[in-house]
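Structural features, examined
Next come the chains, spelled out residue by residue.
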Amino acid sequence: MNKDLYNYIIGIADNSLILGQRLGELCGHGPSLETDIAGTNISLDLFGQVRSYFHYAAQVSGDENATEDTLAFLRIEREYKNVLLVEQPNTDFAYTIVRQFYFDAFHLLFLKALETSKDETLAAIAKKSIKEVSYHWRFSSDWVRRLGDGTEESHTRVLEAVNELWMYTDELFHQTEADKAMIVQGVGVDTLALKETYYKMIGDVLEEATLPIPESKYWHKGGKQGIHTEHMGYILSDMQYMQRTYPNMEW
Amino acid sequence: MILETQNIQPHLISILEGVSDPEIPVLSIMDMGVVREAIEQNGIVRVKITPTYSGCPAMDVIGDDIVSAFAKAGKTAKIQLVLAPAWTTDWITPRGREALEKYGIAAPLSPEADKEALLGNKKIVKCTNCGSTETHLVSQFGSTACKALFKCDTCQEPFDYFKCLK
């Protein structure tokens, strides 16, 4: 088994899995029909991508019992390697949108770089996903503009979300040992090279949205090492309930 | 219509044309452009299909439907899902586009026009009910991930627009 490759794939997939789960929670609870449907549609795109990643990770793992389902549902909290940003709760619509906005910008830049990976499977998944994630980015950045440049109330609330979630953005660029090994092999994406473009990309939208760019340099990290916030346990108990109650269920 | 990136044996086409997209029943999977390869060898038909969107729930159903369509014709089919090259709305055939429009779904525009339409910069998406271009975007995401929801300002009808994917 190629342990670094396996960990690398899991790291990418878990971001989409946990964010997809968070967005899925909105199903039937979105603030309007259109945003409810958008949330679940984006969730569906992310889960579709996750299936491709997990399918590949299961092959790479060398464990003949590993499947998409065991990887999604039967790991323990420490084995999930998603960034802390994506596990943050749907506090209100502004938080949901800003979390999406911070992630989509990264996701789009990341996939555009992954498209040229030496690993053909990862390159193919990236190529497919870019088309979908472009729509996600358009949706979330559009809503940031609308909320920021909207009413006094929407401005106040989106500003709070922008400031609160800001401290989770730096972790997107953090590199684990697996990340570094994959970069050397031409398989992984050098995320540090994306950082400047990323902050410019979100900065431009925040400016249009009449929202000041946060200046805080205090960053939270740990998710990529499997050390999560208190929210993660609740997500997993919700997500894993069916599979643990009815073992061997299939997607 | 057979695209360059397709490899389908002619005698299998009519069977595949009989399988429709479960979410858009007027559209055959051939017109949708999701069948990439179909080759019969040693009594087994191997079919490669590509998802429109990664999470498209219709893919499993399409796979099952292909297997049963071949079973009816006395053939065993094996389905393989391929991701590359990635599906694009360009692979929808002219006949498919016509079927979409008749069914009430506006066919995808070019990438540039699509962007203008979804950003609300230009009124170019034609209402499938009355043909007016006085339409506006209600939501970037419609009844499925591949569609956006529009409303016509002339006849007031809401309708789906199949988003350009390229």
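What you see is a predicted model; the values in this text were computed from it and never measured.

The next point concerns the packing of helix α1 (residues 3–24) of chain A against helix α8 (residues 177–184) of chain A. Residues and elements named next belong to chain A. Direction vectors running N to C along α1 and α8 enclose 110°, while the axes themselves pass 8 Å from each other. Compared by their axis directions, α1 and α8 come out roughly perpendicular. Here α1 and α8 pass one another in a crossing that is left-handed. Seen from α1, the contacting residues are D4, L5, N7 and Y8; seen from α8, they are A178, D179, A181 and M182. A per-class count over the contact of α1 with α8 returns five nonpolar, one polar and two charged.

Along the chain, B:E23 falls in the loop between β2 (20–21) and β3 (24–28). Spatially, the C-alpha atoms of B:E23 and B:P57 are 9.4 Å apart, while their sequence positions differ by 34 residues.

Turning our attention to the interface of chain B and chain A. Between chain B and chain A, the contact holds 27 residues from the first and 22 residues from the second. A combined buried area of about 2,000 Å² lies between chain B and chain A, and 61% of that area is made up of carbon and sulfur atoms. Three residues, B:S54, B:L83 and B:F141, lead the burial of chain B against chain A; their summed loss comes to 32% of the area buried on that side. Between the two partners, chain B and chain A, sit two salt bridges. Across the chain B-chain A interface, the total number found is seven residue pairs in polar contact (both at pLDDT 80 or more). Put simply, the parts of the chain that give the side of chain B that touches chain A at least two residues each are α5 (111–118) and β8 (135–139) of chain B. Among the elements that make up the side of chain B that touches chain A, the one with the highest residue count is α5(B) (three residues).

Residue and element names in this part refer to chain B. Taken domain by domain, chain B holds domain 1 (7–91) and domain 2 (104–162). Spacing between the C-alpha centres of domain 1 and domain 2 amounts to 28 Å. Taken together, the contact pairs six residues of domain 1 with six residues of domain 2. Buried surface at the junction of domain 1 and domain 2, both sides included, amounts to about 510 Å², of which 81% is carbon and sulfur. Counting the surface domain 1 buries against domain 2, the share from its top three residues, I24, Y53 and T89, is 70%. Summed over the shared surface of domain 1 and domain 2, the result is zero salt bridges. In terms of residue class, the side of domain 1 that touches domain 2 is made up of four nonpolar, one polar and one charged.

Moving on, we come to the nonpolar core. The biggest cluster of nonpolar side chains holds 129 residues, and the ones touching the most others in it are A:Y102 and A:L114. The residues that make up this core include at least three from each of domain 1 (7–91) and domain 2 (104–162) of chain B.

This part covers the pairing of strand β5 (residues 44–49) of chain B. When a strand is regular, its side chains alternate between the sheet's two faces. Residues and elements named next belong to chain B. With burial as the criterion, only one face of β5 is covered, namely that bearing V45, V47 and I49; the residues I44, R46 and K48 on the opposite face remain uncovered. When strand β4 (residues 35–41) meets β5, the two strands line up antiparallel, connected through six bridges. Paired with V35 across the bridge in β5 is I49. Between β4 and β5, which pair antiparallel and follow one another directly, the connecting turn spans two residues, one of which, N42, has a positive phi of 50°. As judged from the six bridges shared by β5 and strand β6 (residues 76–81), these two strands associate in the parallel manner. When the bridges of β6 are listed, V47 appears paired with I79. The parallel pair β5 and β6 is bridged by helix α3 (residues 58–72), and the resulting crossover is right-handed.

To continue, consider α3(B). Residue and element names in this part refer to chain B. Between its first and last C-alpha atoms α3 spans 21 Å; for 15 residues at 1.5 Å apiece the expected length is 21 Å, and the two agree. Among the residues making up α3, those that are buried are A58, M59, I62, G63, I66, A69 and F70. Buried positions in α3, seen along its axis, are confined to an arc of 140° and lie on one side of it. Opposite the buried face of α3, at more than 90 degrees from it, the exposed residues are D64 and K72.

Attention now goes to the pattern of salt bridges. Residue and element names in this part refer to chain B. Evaluated as defined, the whole model comprises 22 salt bridges over all chains. The partner of R95 in a salt bridge is E17, and the shortest N-O contact between them spans 3.1 Å. Taken together, the residues span a long stretch of sequence, with R95 in helix α4 (residues 94–103) and E17 in helix α1 (residues 10–17) at a distance of 78 residues. For R95, a relative accessible area of 49% translates into the label partly exposed. The partner of D153 in a salt bridge is K123, and the shortest N-O contact between them spans 3.5 Å. On the criterion of sequence distance, the pair formed by D153 in the loop between β9 (147–152) and β10 (158–162) and K123 in the loop between α5 and β8 is long-range, its members being 30 residues apart.

In this section: the sheet that holds strand β7 (residues 105–106) of chain B. Sheet strands line up and pair through hydrogen bonds in the backbone, either parallel or antiparallel. Residues and elements named next belong to chain B. Spatially, β7-β10-β9-β8 is the arrangement adopted by the four strands of the open sheet, whose pairing is mixed. Edge strands, defined here as strands with exactly one partner in the open sheet, are β7 and β8. Where β9 and β10 come together, five bridges link them in antiparallel fashion. The residue bridging K151 from the neighbouring strand is P158, located in β10. Where α5 meets the sheet, it contacts β8, β9 and β10, and its direction lies at approximately 60° from that of β9.

All names here are of chain A. Throughout the structure, instances matching the rule amount to 16 aromatic pairs over all chains. Connected via pairs of aromatic rings, a cluster forms that spans F101, Y102, F103, F106, F110, W137, W166, F173, Y198, Y199 and W219. Its end group placed over the ring of Y80, R75 keeps NZ or CZ at 4.2 Å from the ring centre.

Rules used in this analysis
Residues numbered from 1 in each chain as written. Chains lettered and ligands numbered in written order. Predicted model: local features only at pLDDT ≥ 70, side-chain atom pairs only at ≥ 80, totals over all residues. Heavy atoms only, no water. Axes fitted to C-alpha atoms, helices over the stretch in contact; angles between N-to-C directions. Helix = DSSP H or I, 4+ residues; strand = E, 2+ residues; numbered from the N terminus. Parallel < 35°, antiparallel > 145°, perpendicular 65-115°, else oblique. Left-handed = near helix turned anticlockwise from the far one by under 90°. Contact = heavy atoms within 4.5 Å. Nonpolar A, V, L, I, M, F, W, Y, C, P; charged D, E, K, R; others polar. Buried area = accessible area lost by both parts, 1.4 Å probe. Salt bridge = Lys/Arg side-chain N within 4 Å of Asp/Glu carboxyl O. Polar contact = N/O pair within 3.5 Å; in protein donor to acceptor, adjacent residues only side chain to side chain. Domains from an automatic or database assignment. Core = buried A, V, L, I, M, F, W, Y, C linked by side-chain atoms within 4.5 Å. Buried < 20%, exposed > 50% of the residue type's maximum accessible area, 1.4 Å probe, protein only. Pairing = 2+ DSSP bridges. Right-handed = clockwise from strand over helix to strand, strands pointing away. Expected span 1.5 Å × (residues − 1). Arc of directions from axis to C-beta. Phe/Tyr/Trp six-rings, centres within 6.5 Å; stacked < 30°, edge-to-face > 60°. Lys NZ or Arg CZ within 6 Å of the ring centre and 35° of its normal.

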